[in-house]
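Understanding the architecture of this molecule
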Amino acid sequence: MNGQPRFDLNDPQLQASLARKSAAAAALLGRIVREFPPAAFATSLGAEDMVLMDLLARHAPQIEIFTLDTGRLHADTYALLQKVTDHYDVRIRVVYPRTEAIEQYVNKHGINAFFGGVDLRKSCCEVRKVEPLRRALAGKRAWITGLRRAQAVTRRDLPQQEYDAANGLEKFNPLAEWDEQEVWAYIHTFGVPYNALHDRGFPSIGCEPCTRAIAKGEDIRAGRWWWEDPDSKECGLHPRKRSGVAA
């Protein structure tokens, strides 16, 4: 659902849905500004996050924007980071892992140890993503993500607002109800920049070693940690909840 849209961008039903959901997302961002300052948006620079980037620039420029540079991102992701900075004339805060933690992990387990099992992969994510996120959110009252229910089986019960007990603040998912077509309709309608990898079969983009293009008919997150069972495919930034308790 990228490059030239494979759907009718002018379809009245699609545009009506897009207008309604865009207005609802903008209203939610406004409420976050009023009721939960200071708040921050954590962007991975994926398609959904680019929609939110545009909505923030238009409706809530007060909200801080940051991204996590794991040290192993795709070159296209870094190129997009610069493009976004120029396009929106905004400075995105870049948060890095702690050097000592990276060295300890690599020297103990190996440079690509995450292929060796879920525990080793999640340990890598903890060092490169989860701990930096905690630092980035310190002192904030709310954070915003581009998560959608339709992205994965681990996200099908995703609410628009929830309490993030791990980080001690409110968490908002303004695009929770959006589908993939609506995301790309927004991008094409408003000329939003996006990662060139989307045009090469990467609907979901993370670290370079842990992301591959998907084949036609595969789930949109099939290319993330493709060697693992779908039920384990989260990095720890967004833990699943059962009976109100984070898994």
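A brief structural summary. (Residues numbered from 1 in each chain as written. Predicted model: local features only at pLDDT ≥ 70, side-chain atom pairs only at ≥ 80, totals over all residues. Heavy atoms only, no water.)

Taken as a whole and judged by the stated rule, the model has 12 salt bridges. In this structure, Arg121 engages Glu228 in a salt bridge whose closest nitrogen and oxygen atoms are separated by 2.8 Å. Taken together, the residues Arg121 in helix α5 (residues 118-137) and Glu228 in the loop between α6 (180-190) and β7 (241-242) connect sequence positions 107 residues apart. Taken as a pair, Arg121 and Glu228 share a single burial class, namely buried. Here the salt bridges do not stand alone but share partners, grouping Glu64, Arg93 and Lys140 into one network. (Salt bridge = Lys/Arg side-chain N within 4 Å of Asp/Glu carboxyl O. Helix = DSSP H or I, 4+ residues; strand = E, 2+ residues; numbered from the N terminus. Buried < 20%, exposed > 50% of the residue type's maximum accessible area, 1.4 Å probe, protein only.)

Our next topic: the environment of Glu180. Within the secondary structure, Glu180 sits in helix α6. We classify Glu180 as partly exposed; its relative accessible area is 25%. The sequence separation of Glu180 and Leu169 amounts to 11 residues, and the corresponding C-alpha distance is 28 Å.

What follows is about the nonpolar core. Within soluble globular proteins, side chains that are nonpolar generally end up buried alongside one another. Ile32, Met50, Val51, Met53, Val84, Ile144 and Ile187 are the most contacted members of the largest nonpolar core, which totals 38 residues. Secondary-structure elements contributing two or more residues to this core are α1 (12-35), β1 (39-42), α2 (47-59), α3 (75-88), β4 (142-144) and α6. Discounting chain neighbours no more than four positions away, the residues touching Met50 are Leu45, Leu80, Val84, Tyr88, Val192, Pro193 and Tyr194. (Core = buried A, V, L, I, M, F, W, Y, C linked by side-chain atoms within 4.5 Å. Contact = heavy atoms within 4.5 Å.)

Our next topic: the side chain of Lys21. Looking at the element boundaries, Lys21 is found in helix α1. Of note is the side chain of Lys21, whose polar atom sits 2.9 Å from the side chain of Glu182. When neighbours within four sequence positions are excluded, Lys21 is seen to be in contact with Glu177, Trp178, Asp179 and Glu182. (Polar contact = N/O pair within 3.5 Å; in protein donor to acceptor, adjacent residues only side chain to side chain.)

Moving on, we come to the state of the cysteines. The final tally for this structure, using the stated rule, is zero disulfides. The thiol of Cys124 is not disulfide-bonded; the next cysteine sulfur, from Cys125, is found 5.9 Å away. A residue is classified by how much of its surface remains accessible, and Cys124, at 7% relative accessible area, is buried. With no disulfide partner, Cys207 has as its closest neighbouring cysteine sulfur the one in Cys210, 5.7 Å distant. (Disulfide = S-S within 2.5 Å.)

The next point concerns the sheet that holds strand β6 (residues 169-172). Across the sheet, which stays open at both edges, the six strands sit in the order β3-β2-β1-β4-β6-β5 with mixed pairing between neighbours. The sheet is open, and its two edges are formed by β3 (93-95) and β5 (161-164), each paired on a single side. Averaged over all pairs of adjacent strands, the angle between strand axes in this sheet comes to 30 degrees, irrespective of strand direction. Two elements, β5 and β6, share four bridges in a ladder whose sense is antiparallel. Bridge pairing in β6 links Tyr163 to Glu170. The sheet contacts of α2 involve β1, β2 (64-68) and β4, and relative to β1 the element is tilted by about 145 degrees. The strands touched by α5 within the sheet are β1, β2, β3, β4 and β6, with β2 carrying the most contacts at an inclination of about 160 degrees. (Pairing = 2+ DSSP bridges. Axes fitted to C-alpha atoms, helices over the stretch in contact; angles between N-to-C directions.)

Just distances and angles here, no functional claims.
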